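# Inside the fold
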Amino acid sequence: MKKLTVWVIAFFFFVFHNTLISQEVGVSSDGSTPDTTAMLDIKSTEKGLLIPRMTKAQRNTIKNPAISLLIFQTDNSPGFYFYNGTKWNKLYGGDGVCKDEDMDGYDECDILHPYDSDDLIADCNDQDPDIYPGATELCDGIDNDCDGVIDNGFSLLGQPCTVGTGACQKSGFLTCSPDGSTVVCDVSPGAPSSEICDGIDNDCDGVIDEGFGSLGDPCTVGTGACKRSGFLTCSPDGSTVVCDVSPGIPSSEICDGIDNDCDGVIDEGFGSLGDPCTVGTGACQRSGFLTCSPDGSTVVCDVSPGIPSSEICDGIDNDCDGVVD
């Protein structure tokens, strides 16, 4: 113990003595002048500098550690650690300091040392503070949470999709939304147009051919013998509805109770149709009304003459020969 005390006193005397002479302090066995850029220059070819050694728990009890304070940690990933003003960072071989450049709490050296006791998981991008182990995964083509999988949680990415309705509907594929929170279709709906009657939702409001309410209702076209029945459908130009059948072809008018020439008048040209008429003479005479002949070419009385009988003297033309008695 006395020997250690003597050496400590000697060391501080040496440092104090050299401080009075120069701003630089040198500790060496050859008596060389310390480097002018160093406050303390230790030279040795057979001994090293021993700095404080402690456990991680002991390290963490240091109150208000100074920036750049250096210790050697003896457990939990042993090695040299320095305090950067925010957290303790480990010193590794190679390029030296293990920096947390993006200040997200995960240092870049964890990539080579994935089981560092501080973080355990590597920071896969030390240039972006929003990318670190456990970060929220976004849909942006980047592995935000450093789990080795890009855009996990967005399983629909790349699937077919449609947007819009009716004539505005467009097809595309699901891609990442601008804010990365979800997936959206990579196409925009088409522009709506004025609704016409064509079986298409032109104005993209979810209703087809609105404004043409009679579409599909029964309808007739033509008149008389030309009349045909069908259903209302869209006109070729889509501006209205029309019957889906065409009128029949008119023919020459005959006397048959039908409007054969489809002009809206039945049996025109047969003006006496329905007038009173008589047929036969004498006792055979009968009365009726003019009607169409069987072939429709003219009108005939709708009764037949009576059957003649033997002539008797009774003031009647019984045999219907136009001579009475």
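Quick look at the structure, then.

Reading guide: rules and limits
Residues numbered from 1 in each chain as written. Predicted model: local features only at pLDDT ≥ 70, side-chain atom pairs only at ≥ 80, totals over all residues. Heavy atoms only, no water. Helix = DSSP H or I, 4+ residues; strand = E, 2+ residues; numbered from the N terminus. Buried < 20%, exposed > 50% of the residue type's maximum accessible area, 1.4 Å probe, protein only. Contact = heavy atoms within 4.5 Å. Areas by Shrake-Rupley, 256 points an atom, 1.4 Å probe, with all protein chains shown as cover. Salt bridge = Lys/Arg side-chain N within 4 Å of Asp/Glu carboxyl O. Phe/Tyr/Trp six-rings, centres within 6.5 Å; stacked < 30°, edge-to-face > 60°. Lys NZ or Arg CZ within 6 Å of the ring centre and 35° of its normal. Disulfide = S-S within 2.5 Å. Patch = residues over 30% accessible without salt bridge, like charges linked within 9 Å, V, L, I, M, F, W, Y side chains within 5 Å. Pairing = 2+ DSSP bridges.

## Re the overall build of the protein
Each helix and strand in the protein was counted, giving two helices and 15 strands. Looking at the protein as a whole, 30% of its 325 residues qualify as buried. Within the protein, residue pairs in contact and separated by at least 24 positions form 24% of the contacts whose partners lie at least 6 positions apart. Carbon and sulfur atoms provide 59% of the accessible area of the protein, an area that totals close to 20500 Å².

## Some points on the pattern of salt bridges
Taken as a whole, this structure holds one salt bridge when the rule is applied. Of the charged contacts, one joins Asp41 and Lys43 as a salt bridge, the two residues approaching to 2.7 Å between their closest N and O atoms. Among the residues examined, Asp41 registers a relative accessible area of 15% and is labelled buried. Judged by relative accessible area, which is 32%, Lys43 ranks as partly exposed.

## Comments concerning the packing of aromatic side chains
The description of two aromatic rings rests on the distance between their centres and on the angle between their planes. Counted under the stated rule, the structure contains two aromatic pairs. Between Phe72 and Phe80 the ring centres are 5.0 Å apart and the planes differ by 75°, which places this aromatic pair in the edge-to-face class. On the basis of relative accessible area, Phe80 is assigned to the partly exposed category, the value being 38%. In this arrangement the basic side chain of Arg59 is found over the ring face of Tyr81, its NZ or CZ atom lying 5.1 Å from the centre.

## Concerning the state of the cysteines
What the rule picks out here adds up to nine disulfides. Here Cys161 pairs with Cys185 through a disulfide, and the sulfurs are 1.9 Å apart. Judged by the sign of its S-S torsion, about 90°, the bond between Cys161 and Cys185 is right-handed. Taken together, the positions of Cys161 in strand β7 (residues 160–163) and Cys185 in strand β9 (residues 183–185) put the pair 24 residues apart, joining distant regions of the chain.

## With respect to a nonpolar patch on the surface
Taken together, Met39, Leu40, Ile42 and Leu49 make up a surface patch of nonpolar side chains, about 450 Å² in accessible area. Structurally, the position occupied by Leu40 is in strand β2 (residues 40–42).

## Some words on the environment of Asp275
As for its position among the elements, Asp275 is in the loop between β12 (241–243) and β13 (276–279). Given a relative accessible area of 37%, Asp275 falls into the partly exposed group. C-alpha separation for the pair Asp275 and Thr291, spaced 16 residues apart in sequence, amounts to 8.3 Å. Here Asp275 is in contact with Gly288, Phe289 and Leu290, once residues within four sequence places are set aside.

## Section: the sheet that holds strand β3 (residues 53–54)
As a general point, the strands of a sheet are linked pairwise by backbone hydrogen bonds and lie either parallel or antiparallel. The strand order β3-β4-β5-β6 describes an open sheet built from four strands, whose pairing is mixed. On the outer flanks of this sheet lie β3 and β6 (88–90), each paired with one strand and no other. Pairing between strand β4 (residues 70–73) and strand β5 (residues 79–83): four bridges, direction antiparallel. Bridging across to β5, Leu70 finds its partner in Phe82.

## Overview of the pairing of β7
Burial of β7 is one-sided: the residues Cys161 and Val163 facing one way are buried, the residues Pro160 and Thr162 facing the other way are not. Across four bridges, the pairing between β7 and strand β8 (residues 170–176) is antiparallel. Each bridged residue has a counterpart across the sheet, and for Cys161 the counterpart in β8 is Gly172. Hairpin geometry of β7 and β8 is characterised by an intervening segment of six residues between the two adjacent antiparallel strands and by a positive phi of about 80° at Gly164.

## Regarding the pairing of strand β14 (residues 286–292)
Where β13 lies against β14, four bridges are found, and the strand directions are antiparallel. Counterpart to Cys277 in the pairing with β14 is Gly288. Where β14 meets strand β15 (residues 299–301), three bridges bridge the pair, whose relative direction is antiparallel. By the bridge assignment, Leu290 is partnered in β15 with Cys301. Counted between consecutive antiparallel strands, the loop separating β14 from β15 contains six residues, among which Gly296 sits at a positive phi close to 75°.

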